[in-house]
Amino acid sequence: FAFIYPFFITEEINRLEQKFLELIQYNVTVKSSLYAKYYFELRALFKSENEFPLRPLDAYEASRLEARSAEVQKSEMERAEKMSLTYNEKTVKSRARAIINLSLIHI
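How each quantity is defined
- Residues numbered from 1 in each chain as written.
- Predicted model: local features only at pLDDT ≥ 70, side-chain atom pairs only at ≥ 80, totals over all residues.
- Heavy atoms only, no water.
- Helix = DSSP H or I, 4+ residues; strand = E, 2+ residues; numbered from the N terminus.
- pLDDT = per-residue confidence, 0-100.
- Phe/Tyr/Trp six-rings, centres within 6.5 Å; stacked < 30°, edge-to-face > 60°.
- Buried < 20%, exposed > 50% of the residue type's maximum accessible area, 1.4 Å probe, protein only.
- Expected span 1.5 Å × (residues − 1).
- Salt bridge = Lys/Arg side-chain N within 4 Å of Asp/Glu carboxyl O.

**Student:** Could you give an account of unusual backbone geometry, naming the residues involved and the relevant values?
**Tutor:** Positive phi values are uncommon outside glycine, yet Gln-25 reaches one of about 55 degrees. Mapped onto the elements, Gln-25 comes out in the loop between α1 (10-23) and α2 (32-44). Phi at Tyr-26 is positive, roughly 55 degrees, even though this residue is not glycine. Inspection of the secondary structure puts Tyr-26 in the loop between α1 and α2.

Encoded structure:
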């Protein structure tokens, strides 16, 4: 992206990416077939396997990546939820509520 639009600074690109993720509700799953397709297409661009910087994930690394992704997704969703609360919602959540039943009071 920065190569195509060099007039954007890194901070602007980061904010754009963050907003994009918020809008798609952090749903960034990729089907394994699509991942494999692009993995092998990228790999074919290199003359030798030694030049290719990526290696296939083994089961352990894949599970670690999934766990980390789930953690980050949860924390970002919580952060986005906090940021989306209105002032009144934040005020109501931060103070104790009392309910007074006036029907029991005899005047």
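Next comes the rest of the write-up.
**Student:** How would you summarise the confidence of the model for the protein if you had to cite specific residues and measurements?
**Tutor:** Taken residue by residue, the protein gives an average pLDDT of 78. The fraction at 70 or more is 79%. Per-element averaging of pLDDT across the protein places helix α4 (residues 87-94) at the bottom with 55 and α1 at the top with 88.

**Student:** Outline the packing of aromatic side chains, supporting the account with residue identities and numerical values.
**Tutor:** Following the criterion strictly, the structure yields three aromatic pairs and no others. Relative to Phe-8, the ring of Phe-7 has its centre 4.9 Å away and its plane inclined at 40 degrees; by these criteria the two rings are tilted. Look at Phe-8 and you get partly exposed, because its relative accessible area is 31%.

**Student:** An account of α1 is needed here, citing residue identities and associated values.
**Tutor:** Helix length check: α1 (14 residues) gives 20 Å between terminal C-alpha atoms against 20 Å at 1.5 Å per residue, within 8%. Of the residues flanking the end of α1, it is Gln-25, one or two places downstream, whose phi is positive at about 55 degrees.

**Student:** Quick one: what's the story with the pattern of salt bridges, residue by residue and with numbers?
**Tutor:** Under the defined criterion, the tally for this structure stands at two salt bridges. Glu-22 serves as the salt-bridge partner of Lys-19, at 3.8 Å between the closest nitrogen and oxygen. In this pair, Lys-19 and Glu-22 are both assigned in helix α1, three residues apart and thus about one turn of the helix distant. Under the relative-accessibility criterion, Lys-19 is labelled partly exposed at 45%. In this structure, the salt-bridge partner of Arg-64 is Glu-61, at a minimum N-O distance of 3.3 Å. Linking Arg-64 with Glu-61, this pair stays in helix α3 (residues 59-84), spanning three residues, or about one helical turn. What makes Arg-64 partly exposed here is its relative accessible area of 46%. Classification of Glu-61 by relative accessible area gives partly exposed; the value is 31%.

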